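Listed below are the residues making up each chain.
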Amino acid sequence: MITASSSSPSPSIRQPVSLLGAGGAATALGVALVAAGIEVSAVWSRRLEHAQALATRLPGALACSHPQSAADRGALVVLAVPDSAIVPLCAQLRWRSGQAVIHLAGAYGRELLAPAAQAGAETGAFHPLQTFAGRADPAAWHGVAVAIEADPPLATELASLARRLGAEPFSLDPVQRPLYHAAAALAANGLTALAGVAADLLHRATGLEREAAVRHLLPLLRGVLVNLEQLGLPQALTGPVARADRATLERHVAALARETPEWLALYRALAEAMLPLARERAANDRERLAALDALADWLASAESGEGVSR
Ligand SMILES: NC(=O)c1ccc[n+]([C@@H]2O[C@H](COP(=O)([O-])OP(=O)(O)OC[C@H]3O[C@@H](n4cnc5c(N)ncnc54)[C@H](OP(=O)(O)O)[C@@H]3O)[C@@H](O)[C@H]2O)c1
């Protein structure tokens, strides 16, 4: 269950911060911390040049060649390395009480930081529901939901940190983290993959190269986001499934079967995912609801190999 974190008076935020990792998430966090007036004292990355590249963007931060030197310089230490590297990195370092150690992974809780907790440090998980591909944008955390898992008082301190970054903290039941992160991955990476498939189809249909195809898709993608923001679900759903337009869907399926059969299963799965939204949109329109039932039957038979023209 997702619950809003307490909005009690903000406690002081432990400083300075050390960043272990200098990739997309660390860059976005470091730049936002500095913009929020929070001191970043050290950056470590497997490759020193990556730590140096990030440290040059963070006034006062030292690029460290060893993770222990970076960890020692931080009151709040952020393990911003790939999820699979958090446990080995945490286990190889010496921690001290009074230090707080957090990671940014979405699918895991602070169990990954057990060695730090055993050494007396406070530990937490601090996952931004946002995608960071390496841009250094101080506003990248604005309005972002941040899933926090920590014991008090660190939980309150991390909530305060999130607010300082312009983000919106919430606490998340550790058991639900994998499901929560599946939602994040579907929305972010799934949308990117869909854009890739759509660009490929556009290329086949028009000859546009991928970059131009993506550029042509962007107004459409932005339109979807604006509709989601302004109209919400289910009103943001448009298109042939929302209209229960089987004839158009049949044309899509036939074209996909001919040109790129590898994307047929994805197309059908998404059409099925649209059905509940289309039904909700149709509300009391009995005729539309009946047409959607027929469409659902057709999709199901198409999936089992019956009744689809290939
Ligand atoms: N990027 C996002 O959109 C995003 C969003 C929310 C949460 N997160 C979380 O943030 C954390 C970092 O992700 P990221 O996207 O920033 O990763 P990333 O861009 O790939 O950067 C990974 C960083 O960790 C270092 N690293 C790579 N493999 C390592 C290993 N085996 N041992 C130690 N260090 C290693 C890299 O060093 P070198 O480059 O020097 O080799 C680099 O500094 C993850 O827990 C992820 O789940 C990411």
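Bear in mind that the values here come from a model prediction, so they are computed numbers and not experimental data.

Things to note about the side chain of Glu 149
For step 1, the next point in the chain: Within the secondary structure, Glu 149 sits in strand E8 (residues 145–150).
For step 2, the next point in the chain: By relative accessible area, Glu 149 is classed as buried at 10%.
For step 3, the next point in the chain: Within polar-contact distance, the side chain of Glu 149 engages the side chain of Arg 110 at 3.0 Å.
For step 4, the next point in the chain: Glu 149 has contacts with Gly 109, Arg 110, Thr 123, Gly 124, Ala 125, Pro 174 and Arg 177, leaving out every residue within four places of it along the chain.

A look at the pattern of salt bridges
For step 1, the next point in the chain: With the rule as written, the count across this model stands at 10 salt bridges.
For step 2, the next point in the chain: Residue Glu 122 is joined to Arg 14 by a salt bridge in which the shortest nitrogen-to-oxygen separation is 2.9 Å. Here the residue Glu 122 occupies a position in strand E7 (residues 122–128), and Arg 14 occupies one in the loop between strand E1 (2–4) and strand E2 (17–20), the gap between them amounting to 108 residues.
For step 3, the next point in the chain: A salt bridge links Arg 279 to Asp 293, with the shortest nitrogen-to-oxygen separation between them at 3.2 Å. Within this pair, whereas Arg 279 is found in helix H10 (residues 264–282), its partner Asp 293 is found in helix H11 (residues 286–303), the two being separated by 14 residues in sequence.
For step 4, the next point in the chain: Classification of Asp 293 by relative accessible area gives partly exposed; the value is 40%.
For step 5, the next point in the chain: A single network of salt bridges, built from pairs that share partners, joins Arg 14, Glu 122 and Glu 157.

Focus on the environment of Val 77
For step 1, the next point in the chain: Mapping Val 77 onto the fold places it in strand E5 (residues 76–79).
For step 2, the next point in the chain: The exposure class of Val 77 is buried, given its relative accessible area of 0%.
For step 3, the next point in the chain: Linking Val 77 and His 103, residues 26 residues apart in sequence, is a C-alpha distance of 8.5 Å.

Conventions adopted
- Residue indices begin from 1 for each chain and proceed along its sequence in written order.
- The predicted origin of the model limits local features to residues at a pLDDT of at least 70 and limits the giving and counting of side-chain atom pairs to 80 or more, whereas totals for whole chains, interfaces and linings rest on all residues.
- Side-chain calculation: all heavy atoms of the structure are included, whereas hydrogens and water are not.
- Strands here mean DSSP runs of E at least two residues long; helices mean DSSP runs of H or I at least four residues long; both are numbered from the N terminus.
- For every residue, the accessible area (1.4 Å probe, protein chains only) is compared with the maximum for its type, and the residue is labelled buried under 20%, exposed over 50%, or partly exposed between those bounds.
- Side-chain atoms alone can form a polar contact between residues adjacent in sequence; in general such a contact is a pair of N or O atoms within 3.5 Å, and within protein one must be able to donate a hydrogen while the other accepts it.
- We call two residues contacting when some pair of their heavy atoms lies within 4.5 Å.
- Salt bridges are defined by distance alone: a side-chain nitrogen of Lys or Arg within 4 Å of a carboxyl oxygen of Asp or Glu.

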